[in-house]
Amino acid sequence: MDDQRFSVKSELLDNYEDYYAGGATEWRWLSAQAKADNVVALCGDKRNQSVLEVGSGDGSILKRLSDMEFSKTFFSVEISNSAVEAIRKRNIPGLAECRLFDGYNIPYEDNRFGLVILSHVVEHVEYPRRLIYEASRVADQVFIEVPLEDNARLKEDFVFDSTGHINFYNRKTIRQLVQSCGLRVLDQRTTNSSLAVYRFANGWKGPAKFLPKQVLLKLSQRLATSLWTYHCALLCER
């Protein structure tokens, strides 16, 4: 049953309404490749018959997973009309349905899916536990990935910008968040953005920015994530 106490603020809805009006971009596609690879890496050899992505953006992760034949059937829910339109235009093989939802109440029955994906979504929502509860209601397993922005570079005071991040995590707080929702963490990994992403964002300076972060991450995750922003992915189950 829908819980009307939870809704997305109009300011946030307005921010995302035309966010994907330009359709797919090279930046999102490059970023999505590593995010999809994390889904596959944590799920191992298991291939889910039915996968739901919540907050699919322009559909880049779904497209990558479809190309990798990760699942036979994909579903998507989004709060943004521009995202739904962008995803439908991609004609992703295996995408059975893409629809709008209110941001918290997932419009499917209990245990409908094998896996729900929340990739770079939880940092955007006002009530993250509510959305995680809903994800675990409709699926046996939940994949969550967030940027680890609770580090030395995090500003003292919050200022909203168009990226829409309103929650900031480190490796411990995101793990404890999902555990506080009654989920068991099956696997967890911390990764850097790909070299291709650094090259796209920084041109010839990309490798010089990528390599120190990559080396430090391999030497000490604790030190690396205290200094710079990385990505943390978790595979969880009820």
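Use the structure listed above.
Computed from a prediction, not measured in an experiment: that's the story for all the values here.

Colleague: Hey, could you run me through the packing of aromatic side chains in this one?
Modeller: The description of an aromatic ring pair rests on the distance of the ring centres and on the angle between the ring planes. Tallied over the entire structure, the rule returns 7 aromatic pairs. Plain terms: the ring middles of phenylalanine 75 and phenylalanine 113 are 5.2 Å apart, the flat faces sit at 65° to each other, and that makes the pair edge-to-face. Of this pair, phenylalanine 75 sits in strand β2 (residues 73-78) while phenylalanine 113 is found in strand β4 (residues 113-119), placing the two residues 38 residues apart along the sequence. You'll find phenylalanine 75 and phenylalanine 113 in the same group, each marked buried.

Colleague: Can you walk me through the pairing of strand β1 (residues 50-54) in this structure?
Modeller: In terms of residue burial, β1 counts as a mostly covered element, since 5 of its 5 residues are buried. Alignment of β1 against β2, held across 5 bridges, turns out to be parallel. Residue pairing in the sheet places glutamate 53 in a bridge with serine 76 of β2. In this structure, β1 lies alongside β4, joined through 3 bridges in parallel fashion. Of the residues in β4, the one forming a bridge with leucine 52 is valine 116.

Colleague: Which parts of the structure should I look at to understand the environment of phenylalanine 143?
Modeller: Along the chain, phenylalanine 143 falls in strand β5 (residues 139-147). The sequence separation of phenylalanine 143 and glutamate 85 amounts to 58 residues, and the corresponding C-alpha distance is 24 Å. With residues up to four places along the chain from it excluded, the contact list for phenylalanine 143 reads Lys35, Asn38, Val39, Leu42, Leu115, Val116, Ile117, Leu118, Ser119, Ala233, Leu234 and Leu235.

Colleague: In this structure, what is going on with the packing of helix α5 (residues 128-138) against helix α6 (residues 171-180)? I would like to understand it.
Modeller: Helix-helix packing is described using two parameters, namely the angle between the two axes and the distance between the axes. Orientation of α5 relative to α6, taken along the N-to-C sense of each, is 60°, at an axis distance of 9 Å. Compared by their axis directions, α5 and α6 come out oblique. The handedness of the crossing between α5 and α6 comes out as right-handed. Only Leu177, Val178 and Ser180 of α6 make contact with α5, whose side of the interface consists of Pro128, Arg129, Ile132 and Tyr133.

Colleague: Explain the sheet that holds strand β3 (residues 95-100) here, please?
Modeller: The 7 strands are arranged β3-β2-β1-β4-β5-β7-β6 in an open sheet whose pairing can be described as mixed. Every interior strand has two partners, whereas the edge strands, β3 and β6 (184-191), have only one. Here the average twist between neighbouring strands, direction ignored, is 15°. In the packing of helix α2 (residues 26-43) onto the sheet, contacts are made with β4, β5, β6 and β7 (231-237), and the angle to β6 comes to roughly 140°.

Parameters and conventions
Residues numbered from 1 in each chain as written. Predicted model: local features only at pLDDT ≥ 70, side-chain atom pairs only at ≥ 80, totals over all residues. Heavy atoms only, no water. Phe/Tyr/Trp six-rings, centres within 6.5 Å; stacked < 30°, edge-to-face > 60°. Helix = DSSP H or I, 4+ residues; strand = E, 2+ residues; numbered from the N terminus. Buried < 20%, exposed > 50% of the residue type's maximum accessible area, 1.4 Å probe, protein only. Pairing = 2+ DSSP bridges. Contact = heavy atoms within 4.5 Å. Axes fitted to C-alpha atoms, helices over the stretch in contact; angles between N-to-C directions. Parallel < 35°, antiparallel > 145°, perpendicular 65-115°, else oblique. Left-handed = near helix turned anticlockwise from the far one by under 90°.

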